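Given next are the chains, with one letter for each unit.
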Amino acid sequence: MSSRGTHAKAILGPELYEKLGNTHVLLVGAGGIGCELLKNIVLTGFGRITLLDLDTIDLSNLNRQFLFRKKDVKQSKALVAAQTASAFNPNVSITPIHDNIKEEQYDIPWFQQFDLVLNALDNLDARRHVNRMCMAGNVPLVESGTAGYLGQVQPLLKDRTECFDCIPKPTPKTFPVCTIRSTPSQPIHCIVWSKSYLMGQLFGEDEDATGELDNAEKEGENAQEIAALRKEATAFKAVRDALRSKSSTDAAQLVFQKVFNSDIKNLLSMSDMWKSRSPPIPLDYEGIMHDSFVLRPNGVPAVNGQANGAAPPKLKDQRALSLKDNVMLFIDSTNRLAARLQNGEDTISFDKDDDDTLDFVTAASNLRSSAYGIETKTRWEVKEMAGNIIPAIATTNAIVSGLIVLQALHLLRKSHDKMRNVHLQFKPAVPLSTVSLSLPNPQCGVCRDTYTVLRCDPTRATLGEVVKGLLGDDDREVSVYEGQRVLSDPDWDDNNDRTLQSLSVTQGKFLAIVDEDGRTFHDLLDTPPFVLPSPLPSPSRRFKPPPPAPETPLKNGKRVIPVELEDGVIDIAPTPKKPKVSKMKVPIGIAMEGITSQVLAESVGQKRKAETESGSPSKKRRVLEEEGVVLMDGADDVLEEEPDYIVIDD
């Protein structure tokens, strides 16, 4: 054995160290956590590592992703990380893959070739996808994440621990369509508009955005605004065509004129919208370029650059931009993006590491902010907000990657009782906290479902045939889903005669068959026409928890119970209270039931007598007497006055 593994073998023991050499691990992500984690598992001695990442190296990664150098910028993270880490331990085999983990070829059988999966992702959707694949394939998973000084490591094992989806995750904050499209009031509204709407309208696939407007109309947003926005979206077609035409020389200026002048004038025509808010000001391209345009009516020039003679920041991205700077940046970035479309790119979407798209979003959001009287942002700030950047700290990544390896070793040892959910917290005295793992959530729609693999030819197998074959003799009514799409339900079976391919249900897709009790997922592969699993899956019944019993109504602050009278009528009477026994010593061995009613009556009578002599009845007695209720001390007690009641059926 080489001296390289001496320390690892001494710490782990010969048996576990030898096992590591034959362990096949999948590491998803080669970013901040992924680089540290790859270095750790290579030095620990994991023999076979598959590293998958879709991203490329950016200059901003170099301060915390130490497997990369400046010469590696724009190259694949997975390929460069594998090449760098291989030198740490020549006995380790690293297979890099530059791809998206959600591609169809990375299906359940592909995941099942690994002994362990380690997640080092910063994308919620991808993390949920890997979690589902591991639950479906019964592959151990270690989940992790960091945010500044905070971090978490969580080992996940099907049927033993909760999965990533057992606890609902908070959904990203969204904004009403009309706020983003018509009445922004914050810088983030303008940035979201530039990134999600304007980029798509000009350089993406969505030409009219009717789907978003239809949903907004259903949710009850302003109908007049929706109608104006539909007209505005339709007018984008001419601008889109100009951006894609090599013969057009002023496409960028056409975009500016439409977006920041004509569209704003259309909004101003709806006077009711501006009764309670400040109206926007249409921007004049020629006036801004010739320094004659005045943005606000108080005569202040339209400049939002450096004020009070403050020294400009050293970094270019942190420099405040004037209105003219933003116009020039908008024209330049639009021309660059248009050239990319003319050279063959079908669509262009925002990427915080793409200078062209970042410049466009920075300029467009600042111009919109200027028109609406909103504070503008620097390029650095726009990148942070538009890219949803969470501060990353190299030390946090290093600590979390070490904790991932420790939990991975527990999984390989099968010492499940020692696994812990570990939190890195902002408490100098107690930086780490551990929590025992919770059992799976019985209502979880991921780890509590039954999974099976269906081998089929999607071009020939129909949805109805597959569902009928999987259910066998079971005649339960079911609904069928693929992702968020409803393919059929008991009242709608139009798709049952369509092939799976025509429904876009192909290799690697989950087909969910749902009844009232549970759900079954099926991973579809390519072998004609379809081969049913043997034996057929038998999902366990999942009963909905019964609704809580309704609270019994209260009467005078007391809970009431139904009382049945002799004639069968149900009367609502106050819950009887147990009689209070006067404080008296009861000999050991004598049951409380042995205290006779005579003793109780005497104790009550003594209490009443004491109250009469003292002239101060108890608070409860006073309340009852105020309500007209007279308490009798015993069966022989008589009223001093004539009874005020009516005798029925004496």
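Residues numbered from 1 in each chain as written. Predicted model: local features only at pLDDT ≥ 70, side-chain atom pairs only at ≥ 80, totals over all residues. Heavy atoms only, no water.

Visitor: For this particular structure, what's the right way to read the packing of aromatic side chains?
Guide: For any pair of aromatic rings, the description consists of the separation of the ring centres together with the inter-plane angle of the planes. By the definition in use, this model includes 13 aromatic pairs. The interplanar angle of 40° and the centroid separation of 5.5 Å between the aromatic rings of Y149 and F426 together place this pair among those described as tilted. Taken together, the positions of Y149 in the loop between β5 (141-147) and β6 (150-156) and F426 in the loop between β7 (420-424) and β8 (432-436) put the pair 277 residues apart, joining distant regions of the chain. Three or more aromatic residues link up through ring pairs in this structure, and these residues are W193, Y197, F203, F256, F260, Y285, F330 and F360. The residue whose ring lies beneath R132 is F510, and the NZ or CZ to ring-centre distance is 5.7 Å. Lying over the aromatic face of W193, R368 brings its terminal NZ or CZ to 4.1 Å of the ring centre. (Phe/Tyr/Trp six-rings, centres within 6.5 Å; stacked < 30°, edge-to-face > 60°. Helix = DSSP H or I, 4+ residues; strand = E, 2+ residues; numbered from the N terminus. Lys NZ or Arg CZ within 6 Å of the ring centre and 35° of its normal.)

Visitor: What's the story with the packing of helix α8 (residues 187-203) against helix α11 (residues 236-244) in this structure? I'm lost.
Guide: Helix-helix packing is characterised by the crossing angle of the two axes and by the distance between the axes. Where α8 meets α11, the axes come as close as 8 Å, and the angle between the chain directions of the two elements is 65°. Between α8 and α11, the residues in contact are Y197, L198, G200, Q201, L202 and F203 and F236, V239, R240, L243 and R244, respectively. Among the residues forming the contact of α8 with α11, the class breakdown is seven nonpolar, two polar and two charged. (Axes fitted to C-alpha atoms, helices over the stretch in contact; angles between N-to-C directions. Contact = heavy atoms within 4.5 Å. Nonpolar A, V, L, I, M, F, W, Y, C, P; charged D, E, K, R; others polar.)

Visitor: I'm lost on the nonpolar core in this one. Help?
Guide: Inside soluble globular proteins, nonpolar side chains tend to come together where they are buried. In terms of nonpolar packing, the biggest core is built from 52 residues, with L202, F203, F256, F260, L283, F330 and F360 touching the most fellow members. Secondary-structure elements contributing two or more residues to this core are α8, α11, α12 (251-268), α13 (285-289), α14 (323-342), α15 (355-371) and α16 (379-386). Not counting residues up to four positions away in its chain, the partners in contact with L202 are F236, V239, R240, L243, R244, V255, L341 and F360. If you look at the next biggest cluster of nonpolar residues, it comprises 43 residues, including A85, L118, L409 and L412. (Core = buried A, V, L, I, M, F, W, Y, C linked by side-chain atoms within 4.5 Å. Buried < 20%, exposed > 50% of the residue type's maximum accessible area, 1.4 Å probe, protein only.)

Visitor: Where do I start with the pattern of salt bridges in this structure?
Guide: Where side chains of opposite charge bring their charged atoms close, a pairing between them can arise. Inspection of every chain in the model, using the stated rule, returns 24 salt bridges. As a salt-bridge pair, K324 and D291 come within 3.7 Å of each other at their nearest N and O atoms. You can see K324 sitting in helix α14 and its partner D291 sitting in the loop between α13 and α14, a full 33 residues away along the chain. Exposure remark for K324: the relative accessible area of 26% places this residue in the partly exposed category. The exposed category is assigned to D291, whose relative accessible area is 60%. Salt-bridge contacts for R336 lead to D356; the nearest nitrogen and oxygen are separated by 2.7 Å. Here D356 lies in helix α15 and R336 lies in helix α14, a separation of 20 residues in the sequence. Connected through shared salt-bridge partners, D317, D332, R336, R340, E345, D354, D355, D356, D359 and R379 make up one network. (Salt bridge = Lys/Arg side-chain N within 4 Å of Asp/Glu carboxyl O.)

Visitor: So what exactly am I meant to see when it comes to the UniProt feature "active site" (unreviewed entry) in the chain here?
Guide: Listed under "active site" (unreviewed entry) in the UniProt record, and renumbered for this structure, are C178. Within the secondary structure, C178 sits in helix α7 (residues 177-181). (UniProt positions renumbered as here; feature names shortened; annotations may be inferred.)

Visitor: Please explain the sheet that holds strand β4 (residues 116-119) as it appears in this structure.
Guide: Neighbouring strands of a sheet are bound in pairs by backbone hydrogen bonds; such pairs are parallel or else antiparallel. With mixed pairing, eight strands are arranged side by side in an open sheet as β3-β2-β1-β4-β5-β6-β7-β8. At either end of the open sheet lies a strand with only one pairing partner, and these are β3 (93-98) and β8. Across the sheet, the mean angle separating the axes of adjacent strands is 15° when strand polarity is ignored. The pairing of β7 with β8 spans five bridges and is classified as antiparallel. Its bridge partner lying in β8, H423 is registered against S433. On top of the sheet, helix α3 (residues 32-44) reaches β1 (24-28), β2 (48-53), β3, β4 and β5; it is set at about 165° to β1, its chief contact. Those strands touched by helix α17 (residues 394-413) are β4, β5, β6, β7 and β8, and its axis lies near 165° from that of β5. (Pairing = 2+ DSSP bridges.)

Visitor: What is the right way to read the side chain of T357 from this model?
Guide: Take T357: it is sitting in helix α15. With relative accessibility at 0%, the residue T357 sits in the buried group. Look past the residues within four positions of T357 in its chain and what remains in contact with it is M199, L337, I348, S349, F350 and D351.

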